[in-house]
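Report on the structure
Listed below are the residues making up each chain.
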Amino acid sequence: LPLREGDAAAMIAETRGAEVLKSVRGRPAGDIGGLVAALEALDDFAALAGEDLAEVDLNPIMVLPEGHGCVAVDALIVPRQRTLT
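Residues numbered from 1 in each chain as written. Predicted model: local features only at pLDDT ≥ 70, side-chain atom pairs only at ≥ 80, totals over all residues. Heavy atoms only, no water.

When its secondary structure is counted, the protein chain shows two helices and four strands. Listing each helix as α and each strand as β along the protein chain from the N terminus yields α-α-β-β-β-β. Over its C-alpha trace the protein chain gives a radius of gyration of 15 Å, far above what one expects of a compact globule, namely 12 Å for 85 residues. Along the three orthogonal principal directions, the C-alpha set of the protein chain runs to about 60 × 25 × 20 Å. Scored against the burial criterion, the 85 residues of the protein chain give a buried share of 19%. By sequence separation, contacts in the protein chain at least 24 residues apart represent 51% of the contacts at least 6 residues apart. Treating the 7 positive side-chain charges of the protein chain as one cloud and the 14 negative ones as another, the clouds have centres 7 Å apart. (Helix = DSSP H or I, 4+ residues; strand = E, 2+ residues; numbered from the N terminus. Rg over C-alpha atoms; globule rule 2.2 N^0.38 Å. Buried < 20%, exposed > 50% of the residue type's maximum accessible area, 1.4 Å probe, protein only. Contact = heavy atoms within 4.5 Å. Lys, Arg positive; Asp, Glu negative; His and termini not counted. Charge placed at Lys NZ, Arg CZ, Asp CG, Glu CD.)

Structure (structure tokens):
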């Protein structure tokens, strides 16, 4: 992070799972645009949180059929511990 224009789509395309998101044997394609939007929103969240954010884990993210977005099934957001001075 931060993501530049096109970074999220490129990262998705580089994964082994990218093939699973394509339309195959009558199964609808996954909503890659929705996944890109989710990753870009996560990037925006992390940028706004800045130093207050220690880690984020979204696992799994279910990609729904094209036009229906995606869903983070489980999420862990850990704030950075502040030390009192």
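Glancing now at the nonpolar core. Soluble globular proteins tend to bury their nonpolar side chains together. Within the largest apolar cluster, five residues are counted, these being Ala8, Ile12, Leu21, Leu35 and Val36. Residue assignment for this core shows that the elements contributing at least two residues are helix H1 (7-14) and helix H2 (32-49). Ignoring anything within four residues of it in the chain, the contact list for Leu21 reads Ile12, Ala29, Gly30, Ile32, Leu35 and Val63. (Core = buried A, V, L, I, M, F, W, Y, C linked by side-chain atoms within 4.5 Å.)

Next up on the list: unusual backbone geometry. Along the chain, Asn59 connects to Pro60 via a cis peptide bond; the corresponding omega equals 0°. With respect to the helices and strands, the residue Pro60 is situated in the loop between strand E1 (53-58) and strand E2 (61-63). One non-glycine residue with positive phi stands out, namely Arg25, at about 50°. Turning to its location among the elements, Arg25 is positioned in the loop between H1 and H2.

So, on to the pattern of salt bridges. All chains considered together, the criterion is met by three salt bridges. Ionic pairing is found between Lys22 and Glu19, a salt bridge with its closest N-O pair at 2.9 Å. Note that Arg82 and Asp52 form a salt bridge whose closest N and O atoms lie 2.1 Å from each other. Within this pair, whereas Arg82 is found in the segment after strand E4 (75-79), its partner Asp52 is found in the loop between H2 and E1, the two being separated by 30 residues in sequence. A relative accessible area of 38% means that Asp52 is categorised as partly exposed. (Salt bridge = Lys/Arg side-chain N within 4 Å of Asp/Glu carboxyl O.)

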